[in-house]
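Spelled out, the chains give:
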There are 4 protein chains.
Amino acid sequence: MLIQASCQIELEALAHVPAVFMLRPRSGASQFIVKEEYIVDPLVQITEYTDSYGNLCQRLMIPPGPFRLESRVTADCADQIDVHTEADWVPVSNVPDEVMQFLLQSRYCEADKLGGLAAEIIQGYPLGYAQVEAIRQWIYNNIRYEYGVTNSSTSAMDITLNRVGVCRDFAHLGIALCRSCNIPARMVVGYLYQLDPMDLHAWFEAYVGDRWYTFDPTQSQPRGNRIAVAYGRDAADVAFASYFGGVNFKSLQVAVEAAQPVLPTPSNG
Amino acid sequence: MLIQASCQIELEALAHVPAVFMLRPRSGASQFIVKEEYIVDPLVQITEYTDSYGNLCQRLMIPPGPFRLESRVTADCADQIDVHTEADWVPVSNVPDEVMQFLLQSRYCEADKLGGLAAEIIQGYPLGYAQVEAIRQWIYNNIRYEYGVTNSSTSAMDITLNRVGVCRDFAHLGIALCRSCNIPARMVVGYLYQLDPMDLHAWFEAYVGDRWYTFDPTQSQPRGNRIAVAYGRDAADVAFASYFGGVNFKSLQVAVEAAQPVLPTPSNG
Amino acid sequence: MLIQASCQIELEALAHVPAVFMLRPRSGASQFIVKEEYIVDPLVQITEYTDSYGNLCQRLMIPPGPFRLESRVTADCADQIDVHTEADWVPVSNVPDEVMQFLLQSRYCEADKLGGLAAEIIQGYPLGYAQVEAIRQWIYNNIRYEYGVTNSSTSAMDITLNRVGVCRDFAHLGIALCRSCNIPARMVVGYLYQLDPMDLHAWFEAYVGDRWYTFDPTQSQPRGNRIAVAYGRDAADVAFASYFGGVNFKSLQVAVEAAQPVLPTPSNG
Amino acid sequence: MLIQASCQIELEALAHVPAVFMLRPRSGASQFIVKEEYIVDPLVQITEYTDSYGNLCQRLMIPPGPFRLESRVTADCADQIDVHTEADWVPVSNVPDEVMQFLLQSRYCEADKLGGLAAEIIQGYPLGYAQVEAIRQWIYNNIRYEYGVTNSSTSAMDITLNRVGVCRDFAHLGIALCRSCNIPARMVVGYLYQLDPMDLHAWFEAYVGDRWYTFDPTQSQPRGNRIAVAYGRDAADVAFASYFGGVNFKSLQVAVEAAQPVLPTPSNG
């Protein structure tokens, strides 16, 4: 369906502070960007580049005083995520070159230390999609969702020990467990329609059956209508905002709604 | 200033025809995309990829019957193009690796055959920007602008002989003459505010003084307020539409206007 | 088998002349580079970059006086090229994004003008590999191989008219005919074991059955033991040498032979 | 000078184990690869790809039983590394897009936790190169070089606390301290002529004065004659070997020596 999402950030800086934002989704396999806006107040110069994962990054200098940034997007999204329980494991020797990096350890995903837990969880499941789904279910059932307990340095190992976290932590654990079974996995941040409570969201994708599939350990059931904003190995790659100086973060408001189709301008003739 | 541009295409196909469009500008050195829309009627699935020049390409299947596609964009553009008459020639050995390809010949720019003409035109001018400006002026003064005389196979050599063409031909000639002097040059297609008559436009950029500068041989004076939509070696790389089957092209409407700034949504608090 | 190839170029320049060479093969699908050397005399500084097709390009300043450059390579090559007569045509809508560029026209391959000839040649053949093989056979049977008739500006159209050319021209015609049937095709330059007379060689690849296949219209039969040195849309992208100034080309010597396996240095223990 | 380096690895696997090696240097700013060999025994099929940092990665399946892999390279290297004590700090807003990622935290480089230490070390030094050199000196003077104390999970923070480590740890600390001062820094692994004891080596580069400079905190003085083999954000990106299964690592032998120039084959004429 057509989804309209927005994210509004309010900041206050004491001096000029360079910053990089990742708040501009691109069209992709299961989303086409129909409309988007990127608004700042006061107006400042913004430049944009593409990082090594293909994410759009906006660079700007936050001016002293109150500053607001809003990103709005309307995207044509898949109502359902693809579920293919038979999708087979891809032997490492068949993993495409560009996917290999998603097998390695990364800052928040200590795959090397989670092999034992992963082995327990996937025991008895067929190789591939079914294993990842078992991992997703296990996280959903065993990790408590709670704000404010974890922070930006919390890793998959920490979650394993404390059994509590937020979407980002759930995703890290899913990724780490997959990688410890030699299943490539990557982090996704973005919007989810009817997420409750509404916020920026994070989930993960696993590479089985020769393609990426979506898994969200915070939800009881597979749910579509997602807008992916950025991809990476883990949260270190996909911070929606990076500041290089002191910034007072005031508020973040996220809204996701169903949208009406837009038609072309009637022609003159 | 803030510029709002749109391009509406009407087509009619007899059968399903695969197509690739390049109608989605990206933020760049002298433009930031504030808002954009990409609308098709009837609705079809669209996917997007980035070509080797960084251009966004939209792939879709044109359905049988009437089909309309509209791209709208609002961009914060430089009012003036940078003019730096002292900008020096960059010796080939100092040209950055990624710029080297813009020294080579390409389909519509037979640089190897235009060395004599280029030598005449630039005689007496200091190396670099001044030479490119001399080339731009020479084209403006010596080539007649006229629709319908040239077509999609017309090259820089043809223009040199016939002395007539449209913006695309003017750009090809400028590019070929620059390259024959070992000055890297590339094609740009996009929008120009107050172009008369309004249409999709083409111009070129030359690499002197260690950066790209804009040159438009169709205009008497340097003019800013441009939105670049795609870059390439010549028109072969930047076709705004490529069809892989029979399509009846009905109309193309382009509009470029001044726009009002957009403000963030008032916050709830 | 293990193949050892070398290419030696002798030049003479009157002044310092910047140049770019493409004479360094990379490991790829059907070749692994076991050993390579890149030798110049007199010694000059060389830098290297990768172009947008993934080819390695060597930049250097040719000094005044005699200059020799030699590239030697030992590669583990496939004895046979893959032949799969059932490989199906890939509908344009299924062609991978990065392959799309090989459907477009390019400098030496006027696909738009060769649709009629292509239709004649492929009539009655199943879609896909069989069509490309029919094209390859037709070129082999209808174009006369002869040195010195064509030059660096000869295109596929020219060959169609004059019916004579060298490997590069044969490849251009094959590429143009494939593209006119909406089959992606690209140029390859490199070495072929037991080519007679020995020289740098050129052939083409076509994308059918979801992968690239090798076709060589200069040979009566499929032959393996090839070392691909560079890939591109056509010869404009894969010149083995580009000079930006006056250079006197003295000689080019190419040798390709069977090689003996190299073993690791015996260990100390 | 011309340097010849080699690295020989002996492994033993019980079953077929997929692996990725990064043992093939590329030509770069201060090194040109004149000759290289990549040898395995027994012979297995190897494929190669380029990662997002531009490093060449060799993929192969390690067979059961003893396995040896040897990489040999001859490179023309800069005798001295560039030292430019006046090179200025690059404000974050001027850092090139592709360098931005080297400002962020990474797995082994907790820049956010080392700001206090960095501030102490660089106090009183001019911004830029001089600060990085102060950091390098501080590490050299305050961290003890010792094998076997640290391991593959040791991070910059760990080193700060324990004050002992190997080249890889020294580099991580240098990188983390630089980044905490908003100076981009990256990891380099490779060879150093006359390193004592000889081994694979690691150091770091910092981006000041609009380019990358080499810093080696394990050495008392700046030393040239280095062959960089791979670049990354930290050791997580540049493992010389990654195994996806059980492998018994037997030995690693490294040799680096001065080499004699190679001349082209005498021509026939």
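As the structure is a prediction and not an experimental result, all values here were calculated from the model.

We now examine the overall build of chain A. When helices and strands are tallied, chain A shows 4 helices and 14 strands. Considering only C-alpha atoms, chain A reaches an extent of 60 × 55 × 35 Å along its principal axes. Considering chain A as a whole, with its 269 residues, one finds that 58% of them fall into the buried category. Long-range contacts, defined here as pairs at least 24 residues apart, represent 75% of the contacts in chain A between residues at least 6 apart. Of the roughly 10600 Å² of accessible surface on chain A, 49% is carried by carbon and sulfur atoms. Seen as two clouds, the 19 positive and the 30 negative side-chain charges of chain A have centres 4 Å apart.

This part covers the relation of the copies chain D and chain C. Mapping chain D onto chain C calls for a screw motion: a turn of 180 degrees about the axis and a shift of 0.0 Å along it, with 0.0 Å RMSD after fitting. Taken together, the rotation angle and the small translation identify this as a two-fold axis. When C-alpha distances to the rotation axis are compared across chain D, the minimum falls at Glu 36 of chain D, with a value of 2.8 Å. A high fraction, 100%, of the interface residues of chain D reappear at the interface in chain C, so the copies pair face to face through one surface.

Let us look at the interface of chain D and chain C. In this complex, chain D contributes 32 residues to the contact, which on the side of chain C involves 32 residues. Each partner contributes to the roughly 2900 Å² buried at the junction of chain D and chain C, and carbon and sulfur atoms together form 46% of this total. Of all residues in chain D, Phe 32, Pro 264 and Thr 265 of chain D bury the most surface against chain C, accounting for 19% of the area lost on that side. Our count for the chain D to chain C interface comes out at 9 residue pairs in polar contact (both at pLDDT 80 or more). Broken down by secondary-structure element, the contributors of at least two residues to the side of chain D that touches chain C are strand E1 (2–13), strand E3 (31–41), strand E4 (46–50), strand E5 (56–62) and strand E6 (65–77) of chain D. By residue number, the principal contributor to the side of chain D that touches chain C is E3 of chain D, which donates 9 residues. When the residues that make up the side of chain D that touches chain C are grouped by side-chain class, the tally is 12 nonpolar, 9 polar and 11 charged.

Residues and elements named next belong to chain A. Of all 5 residues in strand E11 (residues 211–215), 4 are buried; the element is thus mostly enclosed. Pairing between strand E10 (residues 201–208) and E11: 5 bridges, direction antiparallel. Paired with Phe 204 across the two strands is Phe 215, which belongs to E11.

In this section: the sheet that holds strand E13 (residues 241–243) of chain D. All names here are of chain D. What the 4 strands build is an open sheet, ordered E4-E5-E2-E13; its pairing is antiparallel. If you trace the sheet from one side to the other, it starts and ends with E4 and E13, each paired once. This sheet shows a mean twist of 25 degrees between the axes of neighbouring strands, independent of strand direction. Here 5 bridges tie E4 to E5, and the two strands are oriented antiparallel to one another. Looking at E5, one finds that Thr 50 is bridged to Leu 56.

To continue, consider the domain arrangement of chain A. It is common to give the size of an interface as the accessible area lost on bringing the parts into contact. Residues and elements named next belong to chain A. Here the domain parsing of chain A yields domain 1 (2–78 + 240–258) and domain 2 (92–237). Taken over C-alpha atoms, the centre of domain 1 sits 24 Å from the centre of domain 2. Taken residue by residue, the interface counts 24 residues in domain 1 and 19 residues in domain 2. Regarding the contact of domain 1 and domain 2, the summed buried area is about 1700 Å², with carbon and sulfur atoms giving 64% of it. In terms of surface lost to domain 2, no three residues of domain 1 exceed Tyr 53, Val 254 and Val 256, which account for 35% of the buried area on that side. Summed over the shared surface of domain 1 and domain 2, the number is 5 residue pairs in polar contact (both at pLDDT 80 or more). Looking at the side of domain 1 that touches domain 2, the elements with two or more residues in it are strand E1 (2–13), strand E6 (65–77) and strand E14 (247–258). Looking at the side of domain 1 that touches domain 2 element by element, the count peaks at 6 residues for E14. For the side of domain 1 that touches domain 2, the residue count by class is 17 nonpolar, 4 polar and 3 charged.

With that settled, the discussion passes to the sheet that holds E10 of chain A. Hydrogen bonding along the main chain pairs the strands of a sheet, whether they run parallel or antiparallel. Residue and element names in this part refer to chain A. An order of E11-E10-E9-E12 is seen for the 4 strands of this open sheet, with the pairing classed as antiparallel. In this open sheet, the two strands that pair with only one neighbour each are E11 and strand E12 (226–232). Strand-to-strand twist in this sheet, taken as the mean axis angle between neighbours without regard to direction, amounts to 40 degrees. Where strand E9 (residues 185–192) lies against E10, 6 bridges are found, and the strand directions are antiparallel. Looking across to E10, one finds that Met 187 is bridged to Phe 204. Contacts from helix H2 (residues 129–142) reach E10 and E11 within the one sheet, and its direction differs from that of E11 by about 25 degrees.

The next thing to look at is the arrangement of the chains. Regarding chain A and chain C, the two do not touch, and the least distance separating their C-alpha atoms is 12 Å. The two units chain B and chain D never meet; even their closest C-alpha atoms stay 12 Å apart.

This next bit is on the environment of Asp 199 of chain C. Inspection of the secondary structure puts Asp 199 of chain C in the loop between strand E9 (185–192) and strand E10 (201–208). Of note is the side chain of Asp 199 of chain C, whose polar atom sits 2.6 Å from the side chain of Tyr 147 of chain C.

With an RMSD of 0.0 Å, chain B superimposes on chain A once it is rotated by 180 degrees and translated 0.0 Å along the axis. Most of the interface of chain B is mirrored in chain A: 100% of its interface residues are interface residues there too.

How each quantity is defined
- Residues numbered from 1 in each chain as written.
- Chains lettered and ligands numbered in written order.
- Predicted model: local features only at pLDDT ≥ 70, side-chain atom pairs only at ≥ 80, totals over all residues.
- Heavy atoms only, no water.
- Helix = DSSP H or I, 4+ residues; strand = E, 2+ residues; numbered from the N terminus.
- Buried < 20%, exposed > 50% of the residue type's maximum accessible area, 1.4 Å probe, protein only.
- Contact = heavy atoms within 4.5 Å.
- Areas by Shrake-Rupley, 256 points an atom, 1.4 Å probe, with all protein chains shown as cover.
- Lys, Arg positive; Asp, Glu negative; His and termini not counted.
- Charge placed at Lys NZ, Arg CZ, Asp CG, Glu CD.
- Least-squares fit on C-alpha atoms with pLDDT ≥ 70 in both.
- Buried area = accessible area lost by both parts, 1.4 Å probe.
- Polar contact = N/O pair within 3.5 Å; in protein donor to acceptor, adjacent residues only side chain to side chain.
- Nonpolar A, V, L, I, M, F, W, Y, C, P; charged D, E, K, R; others polar.
- Pairing = 2+ DSSP bridges.
- Axes fitted to C-alpha atoms, helices over the stretch in contact; angles between N-to-C directions.
- Domains from an automatic or database assignment.

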